[in-house]
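A look at the structure
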Amino acid sequence: NIFIAGYIDTSSTSPSFKIGNTGTLTFSDGTNTLMSIADAGTTGNLYVSGNVGIGTTGPAAKIDLGSTFGSPKIYLYDDGTYVSGWGHYANEVRMFTDTSSPGTRMTFGKQTLAGAFTEYMRIDGTGNVGIGTTNPIAKLSVGGTSSTISNTAGNLTITPSANLIISSGNVG
């Protein structure tokens, strides 16, 4: 164990950071606090006051992942094998999942604090979109006991490239 009370700086007379007895690591220029890192009071939690930059020396937000386009910003691994992520490209926000993973899909829904997830929509590994169904069988599959397409103003136009087929139900 190392116990330090006061400032540490081996290169100048102006201390670069201070470790206090409150569980806080404070970086300063000797006059102004530049950044503080503190124990948030619960084991495993970390509190950082100010902005955090990864890939940038001048973070402009609470978390700033740099300004380079063309590469994913966040990778998430489930077991070290398959990857999902999020990235920003020129005029495009991209979310992705590894297509080599069995059962690849992206799901959207809500989750309680206890971890119960209710799925509302999914995009499967073939690009099929399901709303209200966990097994989309076409480019757009809508599940439920009834589905409504609503247009509150103007006309609703469906322009198929071939025939428009209504397989059951009423047309009126």
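All residue numbers refer to position in the chain's written sequence, counted from 1. Reporting of local features is limited, given that this is a predicted model, to residues whose pLDDT is at least 70; pairs of side-chain atoms are given and counted only at 80 or more, and all residues count toward the totals for whole chains, interfaces and linings. Side-chain metrics in this entry use all non-hydrogen atoms of the structure; hydrogen atoms and water are not considered.

What to know about the overall build of the protein
- Think of it this way: any DSSP run of H or I at least four residues long counts as a helix, any run of E at least two long counts as a strand, and we number them from the N terminus. In terms of regular secondary structure, the protein is built from zero helices and 14 strands.
- Moving toward the C terminus, one meets the helices and strands of the protein in the order β-β-β-β-β-β-β-β-β-β-β-β-β-β.
- Looking at the 172 residues of the protein, the share that counts as buried comes to 12%.
- Sequence separation of at least 24 residues holds for 1% of the intrachain contacts in the protein that already meet a minimum separation of 6. Three labels apply to residues, based on accessible area from a 1.4 Å probe with only protein chains included: buried if under 20% of the type maximum, exposed if over 50%, partly exposed otherwise in between. Contacts: residue pairs with any heavy atoms within 4.5 Å of one another.

Considering the sheet that holds strand β14 (residues 140–142)
- Taking strand neighbours across the sheet as the criterion, the four strands line up as β11-β12-β13-β14 in an open arrangement whose pairing is mixed. Every other strand in the sheet has two partners, leaving β11 (105–111) and β14 as the edge strands with one partner each. Each adjacent strand pair in this sheet contributes to an overall mean axis angle of 20°, direction not counted.
- Each pair of strands is called paired provided DSSP finds at least two bridges between the two strands. With seven bridges connecting them, β11 and strand β12 (residues 117–124) associate as antiparallel partners. Pairing of F108 across the sheet is with M121, part of β12. Lines fitted to C-alpha atoms define the axes here, with helix axes fitted over just the stretch in contact, and angles between the N-to-C directions of these axes take values from 0 to 180 degrees.

Side note on the pairing of strand β10 (residues 92–97)
- In the sheet, strand β9 (residues 83–89) pairs with β10 via six bridges, with the strands oriented antiparallel. Among the inter-strand pairings, Y89 is bridged to a residue of β10, identified as E92.
- With antiparallel pairing between neighbouring strands as the criterion, β9 and β10 make up a hairpin whose turn holds two residues, including N91 at a positive phi of roughly 60°.

Side note on the confidence of the model for the protein
- Mean pLDDT over the protein works out to 75, with 70% of the residues at or above the 70 mark.
- Taken element by element, the protein is modelled with least confidence in strand β2 (residues 17–19), mean pLDDT 51, and with most confidence in strand β13 (residues 129–131), mean pLDDT 93. Every residue carries a pLDDT, the predictor's confidence in it, which falls somewhere between 0 and 100.

A word on a nonpolar patch on the surface
- Nonpolar side chains collect at one region of the surface, where I74, L76, W86, V93 and M95 lie side by side and expose about 470 Å² of accessible area between them.
- Those elements that place two or more of their residues in the nonpolar patch are β8 (72–77) and β10. Candidate patch residues must exceed 30% relative accessible area and have no salt bridge, after which like charges are joined if within 9 Å and Val, Leu, Ile, Met, Phe, Trp or Tyr side chains if within 5 Å. Note on areas: Shrake-Rupley, 1.4 Å probe, and residue coverage restricted to the protein chains presented here. Salt bridges are defined by distance alone: a side-chain nitrogen of Lys or Arg within 4 Å of a carboxyl oxygen of Asp or Glu.

Things to note about the side chain of D124
- With respect to the helices, strands and loops of the structure, D124 is situated in strand β12.
- In this structure, D124 is buried with no salt-bridge partner, the nearest side chain bearing the opposite charge being K139 at 6.8 Å.
- Within the local environment of D124, its side chain forms a polar contact with the side chain of T126, the two groups lying 2.7 Å apart.
- Once residues lying within four places of it in the same chain are set aside, the contact partners of D124 are T104, R105 and P136. A positive count includes Lys and Arg, and a negative count includes Asp and Glu. His and the chain ends are not counted in either. Under the rule applied, a polar contact is a pair of N or O atoms within 3.5 Å (in protein, one hydrogen donor and one hydrogen acceptor; residues adjacent in sequence only if both atoms are side-chain atoms).

Observations concerning the environment of N135
- Here N135 is to be found in the loop between β13 and β14.
- Put simply, N135 and R122 are 13 residues apart on the chain and 8.5 Å apart in space, counted from C-alpha to C-alpha.

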